[in-house]
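Chain by chain, the residues run as shown.
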Amino acid sequence: MTPTRVFWRVAAALALSLSMGAAGSAPSSQEGSAQSVSPQRSRADAQAFIDEATRKYNASLTNSSKPGQTIVPAAGPNWAADLDTWVEYTFPASSGASCMNGTPYRMYYKVSSDAGMRDKVLVDFEGGGACWDFQSCRPDAETGAANPDGLPSGYIQGDGIVSNTALLLTSPVLEGNTFLVEAAARLLFGRGSGKLDDGWWGRLWQTTTAPETQKWTKVVFPYCTGDVSAGASFRSFNDPAAPDDATKTKYVNFNGLNNVRAAMKFLQDNRFTQSLSDKGYLQQLLVYGGSAGGYSAQFNYPMIRQALAGEKTRVALLNDSGPLLTASVYKTDETILPADLEKTPAAKFWQLAANTWGFFQQPLAADFRVPGHPEYAEQASGLIARWEKATGKKVNITKATGGDTGSFSTVLSKRYPNDRFGLSSFQQDQVISRFFFIGAQNAEVVGLEGSALRDAKLKLFHKELDLVRANLGPLPNFGYYMPWSRYLVIGSHVTTALTFAGTETSRAANIRDDGGRIQPAFDGDVGHFLNNLLSSNSLEAEPVLKEVGPEKAEPLNLAGVAGWLLSLFNVFG
């Protein structure tokens, strides 16, 4: 990577920080009011939408190939070919996979050339916001989702993610940074990360070595469905400026669950795991994502594990900055109780998102009656039904059942007691707090601007993080890592984005964590948390980390000074 490219990567990090962290005043709302969601459409309607969008997309193509691009040949994948090269697979419309606008969905894989690492697989989900109505699903929405107009061919190609793709796919977990990128991170944050093991700045003996996952086989899911890859719902939204004008109706296919379903079928049909290992099963599997991708990783974990893991596979989850803020989920026709909103302010967002994306969706009668498509009923099933089928456990998240969103973590912990699960999140996350509380128009943030808005949304976020810790603390195999802030990179959002530098925290020895365990001293960064999740030791020999960094001022280094200056001007809303 050239010095010029390094400069622009660092500049891109700052630019994305400003664009994602900034927030204007929130619109007015009615506290606790029930949300309106368009009626469920059949899977046949969704498939017709995919077919037509794909036809138009293909008709518009002239030459989609790009220099360095590698695609799956017509005969199917050859897992031993093109090692250490990103390979693109475009799902046919008949698979049921698509982006939110109905255009073709693509996944990418890179098979490791290292024979000892080939049967270790990293499944990575790209992040990039979310949407739930006409305004937020617009391509130019300020609070919206990535790639609403679909994925171009060659989204990942050539020399890979670090130089060709969106910043939210740039992480030391996935691809190794160059010396210059790491040196720039060290200069900014005062501590190294990634693959630099020595240097001249900060506490050099505590730098994180390059994670082993950089050498693994990788499967990457780009993000274009607006539903944190948890939807199976085809919706229509009327333009609020012209609600009676059918020509302006926006159709959105919240299709993330079906994209992952199609991908698992593709991998199974083509003997992916058997081709990587002469044992016939994977040695290790990590399901990972940041931001919206963190939610995607946790929401799809049971189905991915079921498809790819063998009885002896070591399996782990790293959900980076997709905290399942705890709340009971109300159905669309229910009014949220004021006491619940006071206790769990995320209830308002979950009511909006869960019902729009179809968490509780059951197939319509029409989904069972389509000749030649027996899979339509499965594709029409929502997240709860798929979890209960994959795990064999009841998932209670609704107000009516007395459950809440913490069930998604509790079920994983109990169903897979030998797996290692982890959540990482900055306590000052400007992005997740914005989506949940400004996106859902919580009364506490309505009409506020600047520092008042920032403080109000973070107050709600901190209340919810305490509930998340209360949920995860007693779970023996579900760890968490919560440093205070890293303002300069995406407004303290995504602990593994671009670099591990700036994620350090420390704790004295002999302090009880939220699980009641006496813990040894800790002084590390999020890379140490990742290595803990990848450990081959038993939970008894090496417990999962549960680390919460203390409130801190921005440190005296370039990033700290820049973050302090940006906060003075209320850049992060």
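Remember, predicted model here, so these are calculated numbers, not experimental data.

About the cut-offs
Residues numbered from 1 in each chain as written. Predicted model: local features only at pLDDT ≥ 70, side-chain atom pairs only at ≥ 80, totals over all residues. Heavy atoms only, no water. Disulfide = S-S within 2.5 Å. Helix = DSSP H or I, 4+ residues; strand = E, 2+ residues; numbered from the N terminus. Buried < 20%, exposed > 50% of the residue type's maximum accessible area, 1.4 Å probe, protein only. Polar contact = N/O pair within 3.5 Å; in protein donor to acceptor, adjacent residues only side chain to side chain. Contact = heavy atoms within 4.5 Å. Pairing = 2+ DSSP bridges. Axes fitted to C-alpha atoms, helices over the stretch in contact; angles between N-to-C directions. Salt bridge = Lys/Arg side-chain N within 4 Å of Asp/Glu carboxyl O.

A. View of the state of the cysteines. For the structure shown, the criterion picks out two disulfides. Note that C99 is cross-linked by a disulfide to C224, the S-S spacing being 2.1 Å. Residues C99 and C224 share a disulfide whose torsion about the S-S bond is about -85°; that sign makes it left-handed. A residue pair is termed long-range when its members are at least 10 positions apart, and C99 in the loop between β1 (87–90) and β2 (106–110) and C224 in the loop between β4 (217–221) and β5 (233–237) qualify at 125 residues. Exposure remark for C224: the relative accessible area of 1% places this residue in the buried category.

B. Main features of the side chain of T225. Along the polypeptide, T225 turns up in the loop between β4 and β5. Residue classification places T225 among the buried residues on the basis of a relative accessible area of 2%. A distance of 2.5 Å separates polar atoms of two side chains, one belonging to T225 and the other to D227. Discounting chain neighbours no more than four positions away, the residues touching T225 are S98, C99, M100, N253, F254, N255, G256 and N259.

C. Just the environment of H493, in detail. Following the sequence through the fold, H493 ends up in the loop between β10 (478–482) and β11 (505–507). You can call H493 buried: its relative accessible area is 0%. Sequence spacing of H493 and G322 is 171 residues, and the spatial spacing of their C-alpha atoms is 9.7 Å. Not counting residues within four places of it along the chain, the set of residues in contact with H493 comprises S291, S321, F426, D429, V431 and I432. Among the polar contacts listed, one links the side chain of H493 to the side chain of S291, at a separation of 2.7 Å.

D. Looking closely at the sheet that holds β1. Strand order in this open sheet of nine strands is β1-β2-β4-β3-β7-β8-β9-β10-β15, and the pairing throughout is mixed. The two strands at the open ends of the sheet, each matched to only one other strand, are β1 and β15 (546–548). Averaged over all pairs of adjacent strands, the angle between their axes in this sheet comes to 15°, without regard to strand direction. Note that β10 and β15 share three bridges and pair parallel. Within the sheet, the bridge partner assigned to Y480 lies in β15 and is K546.

E. Representation of the pattern of salt bridges. Summed over all chains, the structure comprises 17 salt bridges. Put simply, K394 and E388 hold a salt bridge, and the shortest N to O gap is 3.8 Å. For the salt bridge of R517 with D513, the shortest nitrogen-to-oxygen distance reads 2.7 Å. With respect to burial, R517 and D513 carry one shared label: buried. Each member of the salt-bridge network shares a partner with another, and the members are E52, R55 and K56.

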